[in-house]
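A look at the structure
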Amino acid sequence: MGSENLYHFKKRKQLKRKIKIIKEYKDSILIVCEGEKTEPNYFQSFPVSNIRVKTIGTGRNTESLVVQAIKKWEDFSEENEFYEKLWCVFDRDSFSQQSFDGAFKMAISEEKRINRKYKRKVGRNINISIAYSNEAFELWYLLHFDYIDSALSRSEYKRMLTERMGEKYKKNDPSAYNFFENLSKGTNNQKGQIFAIKNAKKLRSNINNNPKRNHNPSTKVDLLVEELNKYLKN
């Protein structure tokens, strides 16, 4: 094979490789959670299709979780396993305001850095989003039952969920997704996921102070849920 033909052969091979990477990269989500079981169990239960979703529980929080999420994304990318969207899921809890705010600032700066480094290779933008809960993820579950706009301590969530569920709330229950999905049956969506999404948005819209994430209660878990819902099996 002549040098010119060899050059074109290599270029075609590189192009095919890039097209393959872009194809696999499109419609892919990496979800990195604070909780090691509760949140991963929930998000892994979404019956999605035509999308690649990986969910990881870390035991990290706020800034340290964003650091770990970026590390995971880049570790996968080194193996040519790219994700178009990276979601960080963590609680406000009792962490310092500096640490909580720092996580959002870090996500913005890291998104810019990652796009500078990888966008040309994958041919698309990489998006980093945060699905926070103030104070804790269980707020999302409570919103399946009621619109709640008064401040709550995370210590109250278990009792409130147990009262509404009619059974003891189990924090790491792998069947949580199915339980909360089935709430809508026979209630004309006055309970369940659609109701929870509506309540989460209403909460944020009624918060006058900015940033809204500092308000107890508030959450953006609904945005990640809506993202996954786009790919639910028919």
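It should be noted that the structure appears before, not after, this text.
Residues numbered from 1 in each chain as written. Predicted model: local features only at pLDDT ≥ 70, side-chain atom pairs only at ≥ 80, totals over all residues. Heavy atoms only, no water.

With that out of the way, let us pick up the pattern of salt bridges. Opposite charge on two side chains makes pairing possible when the charged atoms of those side chains draw close. One pass over the structure, following the stated rule, counts 18 salt bridges. The shortest N-O distance in the salt bridge between Arg-213 and Asp-101 comes to 3.4 Å. Taken together, the positions of Arg-213 in the loop between helix H8 (193-205) and strand S5 (218-219) and Asp-101 in helix H4 (residues 97-122) put the pair 112 residues apart, joining distant regions of the chain. Between Asp-222 and Lys-201 there is a salt bridge, with the nearest N and O atoms lying 3.2 Å from each other. Linking Asp-222 in helix H9 (residues 221-229) with Lys-201 in helix H8, this pair joins segments that are 21 residues apart in sequence. Residue classification places Lys-201 among the partly exposed positions, given a relative accessible area of 31%. Overlapping salt bridges bring together Asp-146, Glu-156, Arg-159, Glu-163 and Arg-164 as one network. (Salt bridge = Lys/Arg side-chain N within 4 Å of Asp/Glu carboxyl O. Helix = DSSP H or I, 4+ residues; strand = E, 2+ residues; numbered from the N terminus. Buried < 20%, exposed > 50% of the residue type's maximum accessible area, 1.4 Å probe, protein only.)

Glancing now at the packing of helix H3 (residues 62-78) against H4. Their axes nearest at 7 Å, the elements H3 and H4 cross at an angle of 20°. Judged by the angle between their axes, H3 and H4 are roughly parallel. The way H3 lies across H4 gives a crossing that is right-handed. Contacts between H3 and H4 pair Thr-62, Glu-63, Val-66, Val-67, Ile-70, Trp-73, Glu-74, Ser-77 and Glu-78 from the former with Gln-98, Ser-99, Phe-100, Gly-102, Ala-103, Met-106, Ala-107, Glu-110, Arg-113, Ile-114, Lys-117 and Tyr-118 from the latter. Each residue belonging to the contact of H3 with H4 can be placed in one class, and the counts come to 10 nonpolar, 5 polar and 6 charged. (Axes fitted to C-alpha atoms, helices over the stretch in contact; angles between N-to-C directions. Parallel < 35°, antiparallel > 145°, perpendicular 65-115°, else oblique. Left-handed = near helix turned anticlockwise from the far one by under 90°. Contact = heavy atoms within 4.5 Å. Nonpolar A, V, L, I, M, F, W, Y, C, P; charged D, E, K, R; others polar.)

With that out of the way, let us pick up the pairing of strand S3 (residues 85-91). The buried count for S3 comes to 7 of 7 residues, which makes it a mostly enclosed element. Note that strand S1 (residues 28-33) and S3 share 5 bridges and pair parallel. The partner of Ile-29 across the bridge, within S3, is Lys-85. Taken together, the 7 bridges between S3 and strand S4 (residues 127-134) define a ladder with parallel strand orientation. Looking at the pairing, Asp-91 lines up with Ser-133 of S4. Between the parallel pair S3 and S4, the chain is carried across by H4, and the sense of this crossover is right-handed. (Pairing = 2+ DSSP bridges. Right-handed = clockwise from strand over helix to strand, strands pointing away.)

Here we take up the nonpolar core. Membership of the largest hydrophobic core comes to 38 residues, with the highest contact counts inside it found for Ile-31, Tyr-42, Phe-43, Trp-140 and Tyr-141. If you list the elements that add at least two residues to this core, you get S1, helix H2 (38-44), S3, helix H5 (138-142), helix H6 (154-165), helix H7 (176-182), H8 and H9. Judged by nonpolar contacts, the second largest core, of 25 residues, contains Leu-65, Ile-70, Phe-82 and Ile-114. (Core = buried A, V, L, I, M, F, W, Y, C linked by side-chain atoms within 4.5 Å.)

Attention now goes to the environment of Pro-211. Within the fold, Pro-211 resides in the loop between H8 and S5. You can call Pro-211 partly exposed: its relative accessible area is 32%. Sequence separation between Pro-211 and Asp-101 is 110 residues, and the spatial gap between their C-alpha atoms is 9.4 Å.

Now for the packing of aromatic side chains. Tallied over the entire structure, the rule returns 22 aromatic pairs. Ring plane angle 85° and centroid distance 5.3 Å describe the contact between Tyr-42 and Phe-46, whose orientation is recorded as edge-to-face. Note on Phe-46: relative accessible area 4%, which makes it buried. Pairwise contacts between aromatic rings join Tyr-42, Phe-43, Phe-46, Phe-137, Tyr-141, Phe-145, Tyr-169, Tyr-177, Phe-179 and Phe-180 into one cluster. Over the ring of Tyr-83 we find Arg-52; its NZ or CZ atom is 4.5 Å from the centre of that ring. When the ring centre of Tyr-147 is taken as origin, the NZ or CZ atom of Lys-202, which lies over that ring, is 4.3 Å away. (Phe/Tyr/Trp six-rings, centres within 6.5 Å; stacked < 30°, edge-to-face > 60°. Lys NZ or Arg CZ within 6 Å of the ring centre and 35° of its normal.)

Turning our eyes to something else, we now look at the environment of Ile-130. One can find Ile-130 in strand S4. On the basis of relative accessibility, which here comes to 10%, the residue Ile-130 falls in the buried class. Between the C-alpha atom of Ile-130 and that of Val-32, which follows or precedes it by 98 residues, the distance is 9.8 Å.

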